Amino acid sequence: TGRCGTPRAYWVQYTVGRRAPNSRSAVRVSVTDKPVRFPTDALVSERLDNGAVLRRLVDRAAAAVVIMDLRGIVCGWGLRAAATFGWTDEEALGRPVAELIIPVRYREAHTEGLARLRATRTGAVIGNALEVTALHRDGSEFPVQLRVAEPLQIGEETVLIGFVLDMTETAETR
């Protein structure tokens, strides 16, 4: 807070990374004194319910952002996801993420992982950086780094937000 208990405004920048010891989250937050409202949990939920705000966040991310519900259905698809995987958001939204970006040989494991996540709210991919193989629209496969944030409750729905970095250039230099 600022003087006399009035709220002070901040910019909040977050990055998703490895979990710190004794931490439940892999999200690191840094704060600067640039003037904007500091979001409370309620405000974040309210803002994320606003499709235009969520769209701007997803489209401005440095990684490909893929948002899916706990059934595995795509409900958010950023501009970088379209460039990375070859599907426009109109084509991806409402479809199973498995048929869009997961190679056939990994789809059963993906389905089983989602079932475990629905049952326990935990999973091997949550909060960890994994190097996996992704599928492009043209059928080619390529290496990616995948990070999935903790499940996020938006209204009545729980969603998973995946951040995907194409590692093709990195893999080629190894």
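These numbers were taken from a predicted model, which means no experiment stands behind them.

Asker: So what exactly am I meant to see when it comes to the pairing of strand β6 (residues 141-148) here?
Answerer: Along any regular strand the residues' side chains alternate between the sheet's two faces. As judged from the seven bridges shared by strand β5 (residues 129-135) and β6, these two strands associate in the antiparallel manner. Pairing of Ala129 across the sheet is with Arg147, part of β6. In the sheet, β6 pairs with strand β8 (residues 157-166) via five bridges, with the strands oriented antiparallel. For Gln145, the partnering residue across the bridge sits in β8 and is Leu165.

Asker: I would appreciate a short explanation of the pattern of salt bridges in the present structure.
Answerer: For side chains bearing opposite charge, pairing can occur when the charged atoms are close. Within this structure, the stated rule accounts for four salt bridges. Notably, a salt bridge pairs Arg137 with Glu91, separated by 2.7 Å at the nearest N-O pair. Pair noted here: Arg137 is in the loop between β5 and β6 and Glu91 is in helix α4 (residues 89-92), with a separation of 46 residues, a long-range link. Given the relative accessible area of 27%, Glu91 is considered partly exposed. Arg95 is the partner of Glu99 in a salt bridge, and the nearest nitrogen-oxygen pair spans 2.9 Å.

Asker: Explain unusual backbone geometry to me, please; I cannot follow it from the model alone.
Answerer: Glycine aside, residues mostly have negative phi, and peptide bonds are mostly found in the trans state. A positive phi angle is found at Arg121, which is not glycine, with a value near 65°. The exposure class of Arg121 is partly exposed, given its relative accessible area of 42%.

Asker: So what exactly am I meant to see when it comes to the pairing of β8 here?
Answerer: Among the 10 residues of β8, seven are classified as buried, and the element is accordingly described as predominantly covered. Bridge analysis of strand β3 (residues 64-69) against β8 gives six bridges, and the strand direction is antiparallel. Looking across to β8, one finds that Asp69 is bridged to Val159. Taking the residues that link successive antiparallel strands as the turn, the strand β7 (residues 152-154)-β8 hairpin has two residues, and the phi of Gly155 there is positive, at about 65°.

Thresholds applied
Residues numbered from 1 in each chain as written. Predicted model: local features only at pLDDT ≥ 70, side-chain atom pairs only at ≥ 80, totals over all residues. Heavy atoms only, no water. Pairing = 2+ DSSP bridges. Helix = DSSP H or I, 4+ residues; strand = E, 2+ residues; numbered from the N terminus. Salt bridge = Lys/Arg side-chain N within 4 Å of Asp/Glu carboxyl O. Buried < 20%, exposed > 50% of the residue type's maximum accessible area, 1.4 Å probe, protein only.

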